[in-house]
Amino acid sequence: MSVQDIYDAVVEFDIDKVVALVKEEVESGTNVSVILSDGLIGAMDEVGQRYTEGEFFVPEMLMAAKAMKAGLEVLKPLLSQGENEKKGTIIIGTVKGDLHDIGKNLVSMMMEGAGFEVIDLGVDVDTEKFLATAKEKNADIICMSALLTTTMPFMEVTVKAIREQGLSLKTMVGGAPVSEDFATKIGADGWSPDAPGAVETARRLTA
Ligand code: B1M
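The notes below deal with the structure included here. (Residues numbered from 1 in each chain as written. Predicted model: local features only at pLDDT ≥ 70, side-chain atom pairs only at ≥ 80, totals over all residues. Heavy atoms only, no water.)

**Digging into the overall build of the protein chain**
- Scanning the protein chain from terminus to terminus reveals nine helices and five strands.
- Counted from the first residue to the last, the protein chain has its helices and strands arranged as α-α-α-α-β-α-β-α-β-α-β-α-β-α.
- For the protein chain, whose C-alpha radius of gyration is 17 Å, the value lies close to the compact-globule estimate of 17 Å for 207 residues.
- With the C-alpha coordinates aligned to their principal axes, the bounding extent of the protein chain is approximately 55 × 40 × 25 Å. (Helix = DSSP H or I, 4+ residues; strand = E, 2+ residues; numbered from the N terminus. Rg over C-alpha atoms; globule rule 2.2 N^0.38 Å.)

**Quick word on the sheet that holds strand β4 (residues 170–174)**
- The strand order β2-β1-β3-β4-β5 describes an open sheet built from five strands, whose pairing is parallel. Each of the sheet's edge strands pairs with one partner strand only, and the pair in question is β2 (116–120) and β5 (190–191).
- With five bridges joining them, strand β1 (residues 88–94) and strand β3 (residues 141–145) adopt parallel strand pairing. Residue pairing across strands places glycine 93 opposite methionine 144, the latter belonging to β3.
- Sitting on the sheet, helix α5 (residues 102–113) is in contact with β1, β2, β3 and β4, with an inclination near 150° to β2. (Pairing = 2+ DSSP bridges. Contact = heavy atoms within 4.5 Å. Axes fitted to C-alpha atoms, helices over the stretch in contact; angles between N-to-C directions.)

**Examining helix α4 (residues 58–80)**
- Considering bend angle alone, the principal kink of α4 is centred on valine 74 and spans about 45°; proline proline 77 follows within four residues of it.
- Within the sequence span of α4, burial applies to Ala64, Ala65, Ala67, Met68, Ala70, Gly71, Leu72, Leu75 and Leu79.
- Where the residues of α4 are buried, they touch α1 (3–11), α2 (15–27), α3 (32–52) and α5. (Bend = angle between axes of the 7 residues up to and from the residue. Buried < 20%, exposed > 50% of the residue type's maximum accessible area, 1.4 Å probe, protein only.)

**Things to note about the pairing of β4**
- Buried residues dominate β4, accounting for four of its five residues.
- Bridge analysis of β3 against β4 gives five bridges, and the strand direction is parallel. Its bridge partner lying in β4, methionine 144 is registered against valine 173.
- Running through helix α7 (residues 153–164), the crossover from β3 to the neighbouring parallel element β4 is right-handed.
- Examined bridge by bridge, β4 and β5 share two bridges and lie parallel to one another. Counterpart to methionine 172 in the pairing with β5 is glycine 190.
- Read from β4 through helix α8 (residues 180–186) to β5, the crossover connection turns out right-handed. (Right-handed = clockwise from strand over helix to strand, strands pointing away.)

Below, the structure written as structure tokens:
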């Protein structure tokens with residue numbers, strides 16, 4: 001039994017095996033971040049690679065995503081337990097036109113674990129929904145995730161709308177194709193390549 005077995009089980013879409021192996025690794029004391037990065041996330045990178053090479057198609061990506069999500073559910077209590085003192089309120093969602101939610105869910109869980117109140121709007125979230133919820137909940141940061149190069153521009157639309165309405169809300173962006181340069185270019189207040197970094201950035205933005 002090893003983290004490599006978790007990786008293999010995700011690539012083979014074996015949900016039951018992923019769940020059982022993640023539980024075993026947690027019980028044997030393996031660091032949660034190793035299970036995540038070397039097992040679950042590493043496997044999704046391979047799935048993406050196989051899709052690019054024409055070996056996998058959308059149904060295979062979907063089945064692997066289900067297996068990854070099942071593993072993530074096992075880790076959820078460990079990722080979202082943590083500090084009790086409320087750090088601030090975060091609105092999070094995957095932007096309009098984009099249905100990828102695994103990375104966004106991971107960021108969401110780790111933010112909760114770090115003591116933020118997280119309002120997760122799910123996927124395919126438009127600017128109006130981000131802004132209306134942020135105003136209603138008096139939020140500190142709007143966190144936007146995008147996995148498609150075609151949906152990244154919606155981040156800029158939301159950042160611009162916040163500026164135009166003179167709101168004091170901060171914005172943070174992330175997701176595989178979203179670079180620090182892009183974040184700076186569109187005027188976002190924060191960016192991170194991964195979920196732990198997103199927590200650090202949120203702490204900085206609310207300090
Ligand atoms: Co899609 N897909 N997909 N897909 N998919 C990618 C993204 C792709 C790179 C695959 C490839 O070509 N190699 C490619 C995008 C190419 C591009 O835009 N340049 C792609 C494509 C093309 C598509 C479709 C268009 C395919 C089609 O229909 N022809 C379609 C689009 C649907 C849509 O959204 N409208 C599609 C559909 C799907 C599925 C539904 C089948 C499924 C998603 C299931 C789901 O999420 N519920 C899926 C999957 C699984 C993938 C890959 C294989 C894996 C994504 C993933 O979950 N990674 C992906 C390939 C890849 O990324 N290597 C691919 C694991 C996750 C933990 O990583 O989300 O990057 P990630 O999150 C990271 C960081 O980015 C960061 O933290 C996380 C790690 O700690 N992060 C943030 C994320 N959000 C953040 C926010 C922050 C800060 C950090 O602050 C706010």
